[in-house]
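# Results of the structural survey
Here is what each chain is made of, one letter per residue.
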Amino acid sequence: MNELAITVIGRDRPGIVADVAEVLARLGANLTDSTMTRLRGHFAMTLICVGPAAADVEAALAPLAADGQLLATVRAVTPDGAAAPSGEPYVMSVHGADRMGIVAAMTRVLADGGGNVSDLSTRLTGSLYVVVAEVEVPPGSADELAGRLTRAAAELGVGVSLRPADSDLL
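Residues numbered from 1 in each chain as written. Predicted model: local features only at pLDDT ≥ 70, side-chain atom pairs only at ≥ 80, totals over all residues. Heavy atoms only, no water.

Looking at an unreviewed UniProt entry, the protein chain carries the name Glycine cleavage system transcriptional repressor, with the source organism given as Micromonospora mirobrigensis.

### Thoughts on the overall build of the protein chain
Tallying secondary structure elements over the protein chain gives four helices and eight strands in all. Ordering the α and β elements of the protein chain from the N terminus gives β-α-β-β-α-β-β-α-β-β-α-β. Seen through its principal axes, the protein chain has C-alpha atoms that stretch 50 × 40 × 30 Å. For the protein chain, the proportion of its 170 residues judged to be buried stands at 29%. Taking contacts inside the protein chain between residues at least 6 apart in sequence as the whole, the part at least 24 apart equals 68%. (Helix = DSSP H or I, 4+ residues; strand = E, 2+ residues; numbered from the N terminus. Buried < 20%, exposed > 50% of the residue type's maximum accessible area, 1.4 Å probe, protein only. Contact = heavy atoms within 4.5 Å.)

### Re the sheet that holds strand β3 (residues 42–51)
The sheet built from four strands is open, its strands ordered β2-β3-β1-β4 with antiparallel pairing. Pairing within the sheet leaves two strands with one partner each, and these edge strands are β2 (30–39) and β4 (70–76). Across the sheet, the axes of successive neighbouring strands diverge by a mean angle of 10 degrees, strand direction being ignored. Here 10 bridges tie strand β1 (residues 2–11) to β3, and the two strands are oriented antiparallel to one another. Paired with Val8 across the bridge in β3 is Met45. (Pairing = 2+ DSSP bridges. Axes fitted to C-alpha atoms, helices over the stretch in contact; angles between N-to-C directions.)

### Things to note about the UniProt feature "domain: ACT" (unreviewed entry) in the protein chain
Feature annotation in UniProt places "domain: ACT" (unreviewed entry) on residues 5–79 and 91–163, given in this structure's numbering. In residues 5–79, helix accounts for 31% and strand for 45%; the two terminal C-alpha atoms are 10 Å from one another. For residues 91–163, the end-to-end C-alpha separation is 5 Å, with 36% helix and 45% strand making up the annotated structure. (UniProt positions renumbered as here; feature names shortened; annotations may be inferred.)

Here is the structure:
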């Protein structure tokens, strides 16, 4: 079985998710991980699936992109297997007046402290900029990292919090 990374981006419209999912289902592809969102009127989807060859998926998705409104890419990837989390799960939230460099500065502090971002979203509402990131931090490092984040946030004129993440409940 092939493991594939697929991205689809373009102007949002109803039915993109259904169109892509139907194409993949017809090919016998199993969606294992996916994320989809709308960013200022543009649709963005990234997914991992297992099944057919990359060339077959590219050919099957081509009609969806034929009018130039969507761009679909397909890439074969090497399965990583089930990886254990590398640290303790936390959520970092940043909010304040919009300005250049907030994401760069705050994620640099995380990276320099051994933290890894597993999910990140940003939203601009008027002049308020909000960042929410799921992160893994090295065991026992959260308090020190929170202090470093607070200092970086103060330099940027924004607020920050680092709190333990809730367990995923299904």
